[in-house]
Amino acid sequence: MLDDTPKPLVRVRDLKMHFPIHAGLLRRRVGEVKAVDGVSFDVMEGETLGLVGESGCGKSTCGRAVLRLYDITAGEISIDGREIGTMSQTKLRPIRPTMQMVFQDPQASLNPRMTVEAIIREPLDEHTSLSMAEKTAKVAELMDAVGLNRKFAKRYPHAFSGGQRQRIGIARALALNPKFIVCDEPIAALDVSIQAQVVNLLEDLQEQFGLTYLFISHDLSMVRHIATRVAVMYLGKIVELAPREALYRDPLHPYTKALLSAVPEPDPALARTSGRIILQGDVPSPSNPPKGCNFCTRCPAVMDLCKEIEPDYRQVQPGRFVACHLYNETTTTADQTAGTGA
Ligand code: SF4
């Protein structure tokens, strides 16, 4: 019998990405920005894991760290069974084709002095020994796949609209047949009318090429549309991870409840019963997070315990993970800390 249980393609454990702060004439190290501070999750083969949170919560840094665009501070990252967390950039090079990124701002991520053909071909030049004719044919195939007219291959990025430029970025990301793509706010810089087209394209490509996505966004409505499961970040940590429907229907963490209360509810019956939760105060600085729970300075349900002890991130229902003292009583095994499949 075939085993169709989803398997993790990407496995992240206790990932930390801290950036040093230097000050004074001697540029002494006076502290650090804990942009990502102990994050654990799995991304299952073929799924889209949504990673949401306000600006500055560390979600983009997390995506880049998972792809090892940074040398990480601590933690483990494995992709397709290979541990890459501490691998040197030289050893990473042959693995790079497996994992790619689609960036937020297609304008900034495409070289304005290169033709579309050269931009999409660049990864093939770097990582393959294909002949020029083979590369040209592959570029044309990729342009077809993302809905760009191959007759425009010799044009420069400025000749395209924002949505078309994002399609160029996606074609480039697909050039080396990746398995895993981090989509970092891929629609945030696009007109609303174009956003759905790009998201639909990403969904079609996922099906066609069997892709696995980490979809980073602050747009909870769009994540609801595209994600299989959703992880919510606050101040460098994942505070909740759950299957999409469960998270949107019944959020557990007080921060998730507040975030979702601001999302328009399509069902009028539910919309009438849900009230908006307005959080007081600002997000603390990641260079000086509060003692105890990171959310304790703004949480409507804060208890004395929260200001002293950091809550564990653990499984509280099958497939549902949360870091909050409110759920201490219902916890299951303490070592289930990874946010694996539902
Ligand atoms: Fe709120 Fe306490 Fe839960 Fe943190 S641990 S989210 S402060 S109730």
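1. So, the packing of aromatic side chains
Taken as a whole and assessed by the stated rule, the structure comprises six aromatic pairs. Relative to Phe295, the ring of Tyr234 has its centre 5.0 Å away and its plane inclined at 80 degrees; by these criteria the two rings are edge-to-face. Of this pair, Tyr234 sits in strand E9 (residues 229–234) while Phe295 is found in the loop between helix H11 (268–273) and strand E11 (313–317), placing the two residues 61 residues apart along the sequence. These aromatic residues form a ring-pair network of at least three members: Tyr234, Tyr255 and Phe295.

2. Re the site of the ligand
In the region of the ligand, 13 residues are neighbours, and Cys293, Cys299, Cys306, Cys324 and His325 sit closest. Here the shell around the ligand is built from residues that sort into eleven nonpolar, two polar and no charged.

3. With respect to the sheet that holds strand E3 (residues 48–52)
Across the sheet, which stays open at both edges, the eight strands sit in the order E6-E7-E8-E3-E9-E10-E12-E11 with mixed pairing between neighbours. The open sheet has two edge strands, strand E6 (99–102) and E11, and neither has a second partner. Adjacent strand axes in the sheet meet at a mean angle of 25 degrees, parallel and antiparallel pairs treated alike. Of the pairings in the sheet, the one linking strand E7 (residues 180–184) to strand E8 (residues 212–217) comprises five bridges and is parallel in character. Bridging across to E8, Val182 finds its partner in Leu214. Against the sheet, helix H7 (residues 192–209) touches E3, E7 and E8, its axis set at about 160 degrees to E8.

4. A closer look at H7
An α-helical turn contains 3.6 residues, so any two residues separated by three or four positions project in the same direction. Taking 1.5 Å of rise per residue, 18 residues should cover 26 Å, and H7 covers 26 Å from first to last C-alpha, within 8% of that figure. Restricting attention to buried positions, one finds in H7 the residues Gln195, Val198, Val199, Leu201, Leu202, Leu205 and Gln206. Each buried residue of H7 sits inside an arc of 155 degrees when the element is viewed along its axis, so together they form one side. Opposite the packed face of H7, turned more than 90 degrees from it, sit the exposed residues Ser193, Glu207 and Gln208. On its buried face, H7 is in contact with E3, helix H5 (132–145), helix H6 (162–174), E7, E8 and helix H8 (220–226).

5. Some words on the pattern of salt bridges
Taken as a whole, this structure holds 22 salt bridges when the rule is applied. Taking the shortest distance from any N to any O, the salt bridge between Glu310 and Lys237 comes out at 3.0 Å. You can see Glu310 sitting in the loop between H11 and E11 and its partner Lys237 sitting in strand E10 (residues 237–243), a full 73 residues away along the chain.

What counts and how
Residues numbered from 1 in each chain as written. Predicted model: local features only at pLDDT ≥ 70, side-chain atom pairs only at ≥ 80, totals over all residues. Heavy atoms only, no water. Phe/Tyr/Trp six-rings, centres within 6.5 Å; stacked < 30°, edge-to-face > 60°. Helix = DSSP H or I, 4+ residues; strand = E, 2+ residues; numbered from the N terminus. Near = heavy atom within 4 Å. Nonpolar A, V, L, I, M, F, W, Y, C, P; charged D, E, K, R; others polar. Pairing = 2+ DSSP bridges. Axes fitted to C-alpha atoms, helices over the stretch in contact; angles between N-to-C directions. Contact = heavy atoms within 4.5 Å. Expected span 1.5 Å × (residues − 1). Buried < 20%, exposed > 50% of the residue type's maximum accessible area, 1.4 Å probe, protein only. Arc of directions from axis to C-beta. Salt bridge = Lys/Arg side-chain N within 4 Å of Asp/Glu carboxyl O.

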